[in-house]
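Coordinate analysis (summary)
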Amino acid sequence: MFRFALLGLLFLIALPPNSYAQGLTIHEQFLSDSLPSSDAEIYLFADDRRLESSPELKFPILSILNQSCGVRNIVLEAGQSEAWLCNQYLASGDSSLLVNTMGYHYTMVKDFWARLYYFNKDLPDSRKLKFTGIDYDRPGPFKTMLSRYFTREILEPEISLIVFEILRFPQAGFSGKSRKSFQNLLLEFNSSLLKNKTEYLKYLSDENYINLVLMTGSPSNNPSGYAQRNRTMYENLTGNEDLVPGKIFAAFTPETIRTSPGTFGYLLDKDAYSPYNDEVFIVDQYYDISSYNGKPLRSSYPREYNKIVKSAGLSSIAGDYLWLSSPQFTTCDYLMIIRNKRDLR
């Protein structure tokens, strides 16, 4: 992982408190200088979906990487179905693809997606963005994709039953037991696809049929494989010939990208066989109080948060957020400390 000098940190801490109220100006300027000079191959962004600040911070980072570093590939901590929907959205601007997938969370990120669509629309083909999912599929995105794949009434009972069972699977409360139930259903679907290929091809294009076979048979969707989730995501990324070699932007939960043994970030940056060994740039974030769905949200990491603030020589944050560029406080290259998102606009 790339290490930056303490100069950026000292510069930011030396700023008067009201300088932080300039919002993204300092943040964008620092990233504009730092990211292109890092020579990294993969950029990991801590994307906590509960934080309203995440999409506002993510867009400038992604646009800088595309313009200055040639980054086109965006890897998601999500299944292939969600990546397919994101790519369809970039091509069409049809926001219903995302509304049906993200539910109430879409209201938090709709501005980000609108900005990304118009940004991508104006890019030349050589720079246009592409999403790839390397995690397990969730019911919402998979069901939305499936409804786009099957546009006619399915007459054959040997394939209609399993398709309708998937479409009826509940989206709410997806974790633990329900995740295993859905993944078992995908395994049944995979068997049906392989057994009844002729019948499926009456409704699906060859490309969509192959996509479904690969998605439902993915190791990430194996009900017994969740314990090895970080390793599986790592193998899915490093084994994808469309991604390796090449520069990548990846948005993942903070716990996944932090370089502690066994995490996705650790495997990418520290594994001796990783094609990205020591070529990972990590942008992490800690927060004290932010908000989620209109409600206050306290940090999940108060000890680390307080340690970082004190290590920076502060009793508290001089303003609502602070940018740090020194790796001596945390296992990342660039750290965002956020108290409240209101000044990020």
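In what follows, the accompanying structure is described. (Residues numbered from 1 in each chain as written. Predicted model: local features only at pLDDT ≥ 70, side-chain atom pairs only at ≥ 80, totals over all residues. Heavy atoms only, no water.)

1. Thoughts on the environment of Leu129
Applicable threshold: Numbering of helices and strands runs from the N terminus, with a helix taken as a DSSP run of H or I at least four residues long and a strand as a DSSP run of E at least two residues long. Relative accessibility decides the category of a residue: with a 1.4 Å probe and only protein chains considered, values under 20% of the type maximum give buried, values over 50% give exposed, and everything between is partly exposed. Only heavy atoms enter the contact rule, under which two residues are in contact if any of them lie within 4.5 Å.
As for its position among the elements, Leu129 is in the loop between α6 (106–121) and β3 (130–133). Overall, the relative accessible area of 8% leaves Leu129 in the buried class. Leu129 sits 38 residues away from Ala91 along the chain, and the two C-alpha atoms are 10.0 Å apart. Setting aside residues up to four positions removed in sequence, Leu129 forms contacts with Leu62, Asn66, Val71, Arg72, Ile74, Leu90, Leu116, Phe119, Asn120 and Leu123.

2. Quick word on the packing of aromatic side chains
Selection rule: Only the six-membered ring of Trp is used, alongside the rings of Phe and Tyr, when aromatic pairs are assigned; centres must lie within 6.5 Å, and planes under 30 degrees apart are stacked while those over 60 apart are edge-to-face, with the rest tilted. Charge-over-ring placement is defined geometrically: NZ (Lys) or CZ (Arg) within 6 Å of the ring centre, and within 35 degrees of the ring normal.
Counting across every chain of the model gives 15 aromatic pairs. Taken together, the ring pairs in this structure connect Tyr89, Phe112, Trp113, Tyr117, Tyr118 and Phe131 into an aromatic cluster. Looking at Lys58, its charged tip hangs above the ring of Phe112, at a distance of 4.7 Å from the centre. Just above the ring of Tyr136 sits the side chain of Arg138; from NZ or CZ to the centre is 4.0 Å.

3. Notes on the nonpolar core
Across soluble globular proteins, nonpolar side chains have a tendency to be buried as a group. The condition that has to hold: Among the buried residues, those of types Ala, Val, Leu, Ile, Met, Phe, Trp, Tyr and Cys that are joined through side-chain atoms within 4.5 Å form a nonpolar core.
Trp113, Phe142, Phe150, Phe189, Tyr200, Leu212 and Phe249 are the most contacted members of the largest nonpolar core, which has 61 residues in total. No other element matches the seven residues that α6 contributes to this core. Ignoring any residue separated from it by four or fewer positions in sequence, one finds Phe249 in contact with Tyr43, Phe45, Lys58, Ile61, Leu62, Leu65, Val71, Asn73, Ile74 and Val75.

4. Here's the deal with the pattern of salt bridges
Opposite charge on two side chains lets them pair, provided their charged atoms get close. The condition that has to hold: Salt-bridge detection follows one rule: a side-chain nitrogen of Lys or Arg within 4 Å of a carboxyl oxygen of Asp or Glu.
For the coordinates displayed, the defined rule picks out nine salt bridges. Notably, a salt bridge pairs Lys270 with Asp269, separated by 3.5 Å at the nearest N-O pair. Residue classification places Lys270 among the partly exposed residues on the basis of a relative accessible area of 35%. With a relative accessible area of 1%, Asp269 lands in the buried category. Linked by salt bridges that have partners in common, Glu77, Asp135, Arg138 and Arg229 make up one network.

5. Regarding unusual backbone geometry
In this structure, Asp278 takes a positive phi of about 60° despite not being glycine. Note that Asp278 resides in the loop between α14 (264–270) and β5 (280–287).

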